[in-house]
Amino acid sequence: MRVFASALVFILAGSAAAQEDLTVLKADGDVAPRKMLYESLRKEAGKHFDARRQAVAALKTADDVKRRQADLKARFVQSLGGFPERTPLNAKVMGTDQRDGYRVERVVYESRPNHHVTALLYLPVGKGPFPGVLLPCGHDATGKSAESYQRACILMATNGLAALCYDPIGQGERLQAIDSNGKTALKNGVTEHTLVGVGALLVGENTATYRIWDGMRSLDYLASRPEIDAKRLGCTGCSGGGTLTSYLMALDDRVVAAAPSCYITSLERLFATLGPQDAEQNITGQVAFGMEHADYLTMRAPRATLLCVASRDFFDQQGTWTTFREAKRVYGIVGHAERVDIAEFDTVHGYPKPQREAIVRFLRRWLLDKDDAIVEGDIAVVRDRDLHCTRTGQVLEDYKGKSAFDFNAERARSFTGQRGKFLADTANAEKQVHQLLGLPGEIASASVKVVGTVKREGLEIRKLAFETEPGISVPALLFLPEGKPGKRPLVLYAHGKGKGEDAAVGGAIEKLAKAGHNVLALDLRGMGETAPGTSPANAPDYWGVDAKEAFLGLHLNRPLLGQRVVDVLAIAAWAAKDEDLKGCPLHAIGIGAAGPAVLHAVALEPRIEEATLDRAVLSWSAVAHMPGGHGQLANAVPGVLKVYDLPDAAALLAPRPLQVLSPVDPAGIGVGQERLEEAYAACREVYAARKAEKRLVLKATK
């Protein structure tokens, strides 16, 4: 092995504080560096929104609408990874409270085997059967017992509508990761949703898959009750519950009447204002295949739908009204424009009294054939603990069942055997990598501008700005020792925290340069100077500062990891042609979060002769098995574990030299040698088969 590889074990170390200004990009351009990636992706999304508008404008007949409905539903379900088979609900009534004019039953059922749902069923007085309304919760920590949900359900029950309100995963009695005290082991329910989503993406699903299936099985439970008329089912929810209402009303034909509140806007306006939100609100490929918020309404046309809007909501009302206009037109095409309506109130985000009254009136009109003014009087609500369906307040404590994280891990394990096909068919492996990462068919050489030069003792540092794709600037520092550059290896050096992390005087990059290498330190898009933000200093960064950009990439079928691979490959192509550097042997180093991007780039670019991964995550399987990973969304690739894992990608480098140094688990903690060897066992076998055993170096920190 060359001096480059053997020297890295001690060269890759912490650096002193920077002494010079090594900033490459200016903040006074058309787009600030930290907004560059987001705005580039939003511009790309805009092309898809334009194409979708043309497709919708072309709808002229009811048959046109039916074809579009069927196509979008199929694509939607495919993006979710499909649904599991229906299994016994094993429902139990845990307690009943008789109240004035209605009763409340505390119930538990299983949406999947040994995966428990806690819910409250509000039943009117009388024989029934009554219409049944499902109320999915928003992001209130207490879930089903939140005051506004209690009030909404009581208002329904006292007006002839049964209501079922259930806890989402990560909220109420359904925390999916609990500590020894039965409390959340993570930050909050929204964080749980995103962390569940990272693992789910890797196995070809989505947090929305869990959430929608819980909703469908809750409709099953509602329809199974003798007090409920299964042909008169409705659905309403606010915020995150509005999201689930939108999904359920689009996908489940049993929902006769639906009223999503404080959620529906348009993705186009959402991206221009708040940006992508919770994990379940981002469906893989959604923008690319042309499904907008309006489609949640039009996929169910001509069934009755009411949009509820708050004038002072943070969800953009302009988008809501644009969505409504489109839906009104499509409902008109199928002959029932009167079945879609909108109600706006001068309120803030939430589920306040005016909305509850309008929703109950709407549901009564379509489920009871009664259209009368509903007035909500004084309603007594109870404490969270008085509505518990479990003894301890958590299903995982009471039933020791399976969490969504457990299902992710099980699904990842189920793919272990079939991943062997990836290494057995290396001729097809690169094609599969290209497809999963969303890489373009051809990656052009980057263009470059020299924006400055810094002198150090024995070194020249050139500030370079690469354009790897239209609108994408990759700032870089080229460290050139004295002498002719073409006689030394060129090291592409990408650090997850940015090029400045190791670029200071006396730092790892300078040491590498003074050991006889040209070093090109890169800020891959969304890292370093173009990072959208900074991680919290004293708290886990579960989402990652680039979460919104990662979600946008997933909407476009362009995982952020793949975009960063484009950066490395485009710059490698430039280096092969540059007058000063062509002829230099190419090496690559990927550190931390940049490790997976560098690994894939080297796997796809045979001109890169050897590589080192330092402090990079061990494997995607580890991510799928660990609830509390930090910043792993940016490197998540939908469905990738069905095909290959990171160590399998590493095997594509054989027989080229590869060092894997100090790998970490998804939370950034170093793993031991035994675990490293286990993860890379198949990779070792490939290197051995290529007679290159000594070219694969695996060195853990403990």
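Residues numbered from 1 in each chain as written. Predicted model: local features only at pLDDT ≥ 70, side-chain atom pairs only at ≥ 80, totals over all residues. Heavy atoms only, no water.

K.L.:
Whenever I open this one, the environment of Ala327 confuses me. Can you help?
P.N.:
By the secondary structure assignment, Ala327 is in helix H10 (residues 317-333). In this structure Ala327 comes out as buried when scored by relative accessible area, which is 0%. A sequence separation of 10 residues divides Ala327 from Ala337, and the C-alpha atoms of the two residues are 8.5 Å apart. (Helix = DSSP H or I, 4+ residues; strand = E, 2+ residues; numbered from the N terminus. Buried < 20%, exposed > 50% of the residue type's maximum accessible area, 1.4 Å probe, protein only.)

K.L.:
Help me out: how do you make sense of the packing of helix H5 (residues 189-202) against helix H6 (residues 207-224) in this one?
P.N.:
The geometry of a pair of packed helices is captured by two quantities: the angle between their axes and the separation between those axes. Taken N-terminus to C-terminus, the directions of H5 and H6 make an angle of 110°; their axes are 7 Å apart at the nearest point. It follows from the interaxial angle that H5 and H6 lie roughly perpendicular. Across the interface between the two elements, His193, Val196, Gly197 and Ala200 of H5 pack against Thr207, Tyr210 and Arg211 of H6. A breakdown of the residues in the contact of H5 with H6 according to their chemical character gives three nonpolar, three polar and one charged. (Axes fitted to C-alpha atoms, helices over the stretch in contact; angles between N-to-C directions. Parallel < 35°, antiparallel > 145°, perpendicular 65-115°, else oblique. Contact = heavy atoms within 4.5 Å. Nonpolar A, V, L, I, M, F, W, Y, C, P; charged D, E, K, R; others polar.)

K.L.:
What should I look at first to understand the confidence of the model for the protein in this one?
P.N.:
Low pLDDT marks regions whose predicted coordinates should not be analysed in detail. The share of residues in the protein with pLDDT of 70 or more is 97%, and the mean pLDDT across the chain is 94. Between residues 1-7, whose pLDDT stays under 50, and residues either more than four places distant or in other chains, the model counts 20 contacts. pLDDT under 50 marks residues 13-18. Its contacts with residues more than four places away, or in other chains, come to 11 contacts. (pLDDT = per-residue confidence, 0-100.)

K.L.:
Got a minute to help me understand the packing of helix H3 (residues 62-80) against helix H7 (residues 240-251) in this structure?
P.N.:
Running from amino to carboxyl end, H3 crosses H7 at an angle of 125°, the nearest separation of the two axes being 11 Å. For the element pair H3 / H7, the angle class is oblique. Relative to H7, the crossing made by H3 is left-handed. Contact with H3, carried on its side by Lys73, Phe76, Val77 and Leu80, involves Tyr247, Ala250 and Leu251 of H7 and no other residues of that element. (Left-handed = near helix turned anticlockwise from the far one by under 90°.)

K.L.:
What is the right way to read the packing of aromatic side chains from this model?
P.N.:
Counted under the stated rule, the structure contains 15 aromatic pairs. An angle of 35° between the planes, with centres 6.2 Å apart, marks the rings of Phe76 and Tyr296 as tilted. On the criterion of sequence distance, the pair formed by Phe76 in helix H3 and Tyr296 in helix H9 (residues 293-298) is long-range, its members being 220 residues apart. On the basis of relative accessibility, which here comes to 0%, the residue Phe76 falls in the buried class. Taken together, the aromatic side chains of Phe76, Tyr247 and Tyr296 make up a single cluster linked through ring pairs. (Phe/Tyr/Trp six-rings, centres within 6.5 Å; stacked < 30°, edge-to-face > 60°.)

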